[in-house]
Amino acid sequence: MRPLLLRSSLGCLVTVFGSFSASRNKLVTQAAAAPHLYYLRKTMHYQTEERGRPNSTDYRIYFKTSEGKYISPFHDIPLIAETEEDNGVPAKKPKNNENEVLFNMVVEVPRWSNAKMEIATKESLNPIKQDVKKGKLRYVANIFPHKGYIWNYGALPQTWEDPNHTDAETKCCGDNDPIDVCDIGTQVCFPGQVIQVKVLGILAMIDEGEMDWKVIAINAKDPDAKNLNNIEDVRKSRPGHLEATVNWFRKYKVPDGKPENQFGFNGQFKDKDFAVAIIKSTHEHWRALVQKQTNSGGIECKNISCCDSPLKCSADEARDVVQLAPAFGSPNPVSPEVDKWHFV
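Values in this document were obtained by computation on a predicted structure and should not be read as measured data.

(A) Fine view of the overall build of the protein chain. Broken down by element type, the protein chain carries five helices and 20 strands. Across the 344 residues of the protein chain, 55% fall into the buried class. Here the contacts in the protein chain between residues at least 6 apart in sequence split such that 68% fall between residues at least 24 apart. Put simply, the protein chain shows about 15900 Å² of open surface, and 51% of that area lies on carbon and sulfur atoms.

(B) Here's a closer look at the environment of Glu 337. Counting through the fold element by element, Glu 337 comes out in the loop between α5 (315-323) and β20 (341-342). Note: C-alpha distance between Glu 337 and Ala 141 (196 residues apart in sequence) is 9.2 Å.

(C) Molecular detail of the side chain of Glu 100. Note that Glu 100 resides in the loop between β7 (89-90) and β8 (103-109). In terms of polar contacts, Glu 100 uses its side chain to reach the side chain of Lys 272, at 2.6 Å.

(D) Region of interest: the packing of aromatic side chains. Per the stated rule, a full pass over the model turns up 15 aromatic pairs. Relative to Phe 249, the ring of Trp 151 has its centre 4.9 Å away and its plane inclined at 15°; by these criteria the two rings are stacked. You can see Trp 151 sitting in the loop between β13 (142-143) and β14 (152-155) and its partner Phe 249 sitting in helix α3 (residues 241-251), a full 98 residues away along the chain. Taken as a pair, Trp 151 and Phe 249 share a single burial class, namely buried. Taking 4.8 Å as the distance between ring centres and 10° as the angle between the ring planes, the aromatic pair formed by Trp 248 and Tyr 252 counts as stacked. The class of Trp 248 is buried, set by a relative accessible area of 4%. Here the basic side chain of Lys 270 rests over the ring of Phe 265, its NZ or CZ set 4.7 Å away from the ring centre. Above the ring of Phe 274, the side-chain terminus of Lys 270 is found at 5.2 Å from the ring centroid.

Scoring rules and cut-offs
- Residues numbered from 1 in each chain as written.
- Predicted model: local features only at pLDDT ≥ 70, side-chain atom pairs only at ≥ 80, totals over all residues.
- Heavy atoms only, no water.
- Helix = DSSP H or I, 4+ residues; strand = E, 2+ residues; numbered from the N terminus.
- Buried < 20%, exposed > 50% of the residue type's maximum accessible area, 1.4 Å probe, protein only.
- Contact = heavy atoms within 4.5 Å.
- Areas by Shrake-Rupley, 256 points an atom, 1.4 Å probe, with all protein chains shown as cover.
- Polar contact = N/O pair within 3.5 Å; in protein donor to acceptor, adjacent residues only side chain to side chain.
- Phe/Tyr/Trp six-rings, centres within 6.5 Å; stacked < 30°, edge-to-face > 60°.
- Lys NZ or Arg CZ within 6 Å of the ring centre and 35° of its normal.

Printed below as a string of structure tokens:
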């Protein structure tokens, strides 16, 4: 069985033998078995700091802890969401699905918006920025009947789709990014928000020959979360939602003159267990990345908390990175073209 990494109270990477399908209680028990080595810390709340002018190429969203220390959302936010505490008192367990393992999701794009915001994997501290193509800011097209993205879109921290790794079933290599997540909850989130999600399934999208997994999940605080436990629950309770998701990913680049995206497994969603296995694999690839055990592919791995990483930096060095960024300013206007409808 492959090792699973958790955060210690010091923010270091520690190895616990277990599987993602194990309950959070089991993980805590395993950690407690060696209290002299480590113990789990409570959930950390994150803040964001904007730099530059929104709707411009210099706009960035940096992340920091509640204590004001700047961090990388890619490397320093744990993959597994730990039990939240309030004034030192552990939160009550949910009555149903108390063995559910929740994952942290970094929201990049709110539902119904168009700006293609993403974690800047090749910049120090990996802030969120708007993607640029040929010198122009990227916006996804409105493909009728959808307005922008149809879910909150983001990524799982501490995961990496290794471009040197060929998927055994699709025969495609990773896209060099953290694994993507679609939160199908009802809350419209904001860029930089960190939410805890239940994984429900996964879609194997192939983007210009690269493997680009899309995890389907729901915000654990959503009223429907207790009723949605796997991809079939989504299919039964939300008719058309999964079909719309495949259609959106298939066609969203067509207005830009690109061909339709393809899919593994004939465009069928794989179940929760399959999704968790993929997440675990991408987590292991990320671990090799921050420990410089693999070709980084240009990824910036500066972090403040990964003890085993030779790329760890001090809090002062992290602060210097942010202070070099332009000061926050008023937003630039957005072209009316962003609201245009496309029929494809």
